[in-house]
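Now for the letters of each chain:
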Amino acid sequence: MSTSKAKSKIQPLSDQEVQQNYSRLQSDLQALAAKIGELEQEADEHGLVLTTLNEALEEEPDRKCFRLVGGVLVERTVKDVVPALQTNRDGIRKVIETLTEQYTTKERDFDNFKRDYNIRAINKA
């Protein structure tokens, strides 16, 4: 009985609408995955820079370094740059967590859509 109730909630869509929704959901998942990958790479780069600057912070905190801010290269000291980079890295990680949750939700919706409309991938050999 529960399956018949679940089936009745599905909106009848034409084949073209099903195909469009499938393509849209698939492209949304790909876009989210690409953005997550890009941000993970950026967080890794921040980590590498922080590793290097933490060594400099211990030895010579007033050492000058350069940072690109809004397309402008600015001169700062290591002790000024390290906290800003840590804040940026932490913010990037939070965004990654949020996007990962969105990806999981979208993936679940996509799987439900495929199940509801009995969609199976065709393997081209």
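As named in an unreviewed UniProt entry, the protein chain is Prefoldin beta-like protein, taken from Leucogyrophana mollusca.

Draft legend 1. Representation of the layout of surface pockets within the structure. Taken as a whole, the largest pocket holds about 170 Å³ of empty space. Every residue lining the largest pocket is listed: His46, Val49, Leu53, Cys65, Phe66, Arg67, Leu68, Val81, Leu85 and Asn88. Residue assignment for the lining of the largest pocket shows that the elements contributing at least two residues are helix 2 (15-59), strand 1 (64-69) and helix 3 (78-116). Considering each element in turn, the lining of the largest pocket owes the most residues, four residues, to strand 1. When the residues that make up the lining of the largest pocket are grouped by side-chain class, the tally is seven nonpolar, two polar and one charged.

Draft legend 2. View of unusual backbone geometry. The phi angle at Asn118 is positive, at roughly 55°, despite the residue not being glycine. The topology assignment puts Asn118 in the segment after helix 3. A residue is classified by how much of its surface remains accessible, and Asn118, at 54% relative accessible area, is exposed.

Draft legend 3. Expanded view of the pairing of strand 1. The pairing of strand 1 with strand 2 (residues 72-77) spans six bridges and is classified as antiparallel. Within the sheet, the bridge partner assigned to Arg67 lies in strand 2 and is Val74. Between strand 1 and the antiparallel strand that follows it, strand 2, lie two residues; Gly70 among them carries a positive phi value of about 60°.

Draft legend 4. The arrangement of the confidence of the model for the protein chain in detail. Averaged over every residue, the pLDDT of the protein chain is 91; the share at 70 or more is 93%. Predicted confidence for residues 1-6 stays below pLDDT 50, and this span has zero contacts to residues more than four positions away or in other chains.

Draft legend 5. Focus on the nonpolar core. Judged by nonpolar contacts, Leu50, Leu53, Ala56, Cys65, Val78, Val81, Val82 and Leu85 together constitute the single largest core of eight residues. Elements with a contribution of two residues or more to this core: helix 2 and helix 3. The element contributing the most residues to this core is helix 3, with four residues. Non-local contacts of Leu50, meaning those with residues more than four positions away in its chain, are made with Val82, Leu85, Gln86 and Arg89. In this structure, Ile36, Leu39, Ala43 and Ile92 belong to the second largest nonpolar core, which totals seven residues.

Draft legend 6. Summary view of a negative patch on the surface. The grouping of Glu40, Glu42, Asp44 and Glu45 at the surface amounts to a negative patch. Mapped onto the fold, Glu45 is located in helix 2.

Draft legend 7. Representation of the packing of helix 2 against helix 3 in the model. The interhelical angle for the contact between helix 2 and helix 3, taken along N-to-C directions, is 160°, at an axis separation of 8 Å. By the angle class used here, helix 2 and helix 3 are roughly antiparallel. Note on packing geometry: the crossing formed by helix 2 with helix 3 is left-handed.

What counts, and where the lines are drawn
Each residue is numbered by its place in its chain's sequence as written, counting from 1. Note on the predicted model: pLDDT of at least 70 is required for a residue's local features to be given, and 80 or more for side-chain atom pairs to be given and counted; whole-chain, interface and lining totals, by contrast, use all residues. The side-chain figures draw on all heavy atoms in the structure; neither hydrogens nor water molecules are used. Cavity: a set of points on a 1 Å grid over the protein atoms alone where a 1.4 Å probe fits but cannot get out. Pocket: an open set with protein on both sides within 12 Å along at least five of seven lines, its lining residues, like those of a cavity, having an atom within 4 Å of a point. Grid points are joined across faces, edges and corners, and a volume is the space filled by probe spheres set on the points. Working definition: helices are DSSP H or I runs of at least four residues, strands are E runs of at least two. Numbering for both runs from the N terminus. Residue polarity follows a fixed list, in which Ala, Val, Leu, Ile, Met, Phe, Trp, Tyr, Cys and Pro are nonpolar, Asp, Glu, Lys and Arg are charged, and the others, Gly among them, are polar. Any residue under 20% of the maximum accessible area for its type is buried, any over 50% is exposed, and the rest in between are partly exposed; the area is computed with a 1.4 Å probe on protein chains only. Should DSSP find at least two bridges between two strands, the strands are regarded as paired. Per-residue confidence from the prediction method is given by pLDDT, with values spanning 0 to 100. Residues count as neighbours in contact if any of their non-hydrogen atoms are within 4.5 Å of one another. Nonpolar cores are built from buried Ala, Val, Leu, Ile, Met, Phe, Trp, Tyr and Cys residues. Side-chain atoms within 4.5 Å join them into one set. In this scheme, patches are assembled from residues that exceed 30% relative accessible area and form no salt bridge. Like charges are connected within 9 Å, while nonpolar side chains (Val, Leu, Ile, Met, Phe, Trp, Tyr) are connected within 5 Å. Per-residue accessibility takes into account occlusion by the displayed protein chains alone, with areas from the Shrake-Rupley method and a 1.4 Å probe. Criterion for a salt bridge: a side-chain nitrogen of Lys or Arg within 4 Å of a carboxyl oxygen of Asp or Glu. His residues and chain termini do not enter the charge count, which takes Lys and Arg as positive and Asp and Glu as negative. Each charge is placed at NZ for Lys, CZ for Arg, CG for Asp and CD for Glu. The convention used is that axes are lines fitted to C-alpha atoms, helices contributing only their stretch in contact, and that angles between N-to-C directions extend from 0 to 180 degrees. Angle categories: roughly parallel below 35 degrees, roughly antiparallel above 145, roughly perpendicular from 65 to 115, and oblique for all the rest. In a left-handed crossing the near helix is turned counterclockwise from the far helix by less than a right angle, and in a right-handed crossing that turn is clockwise.

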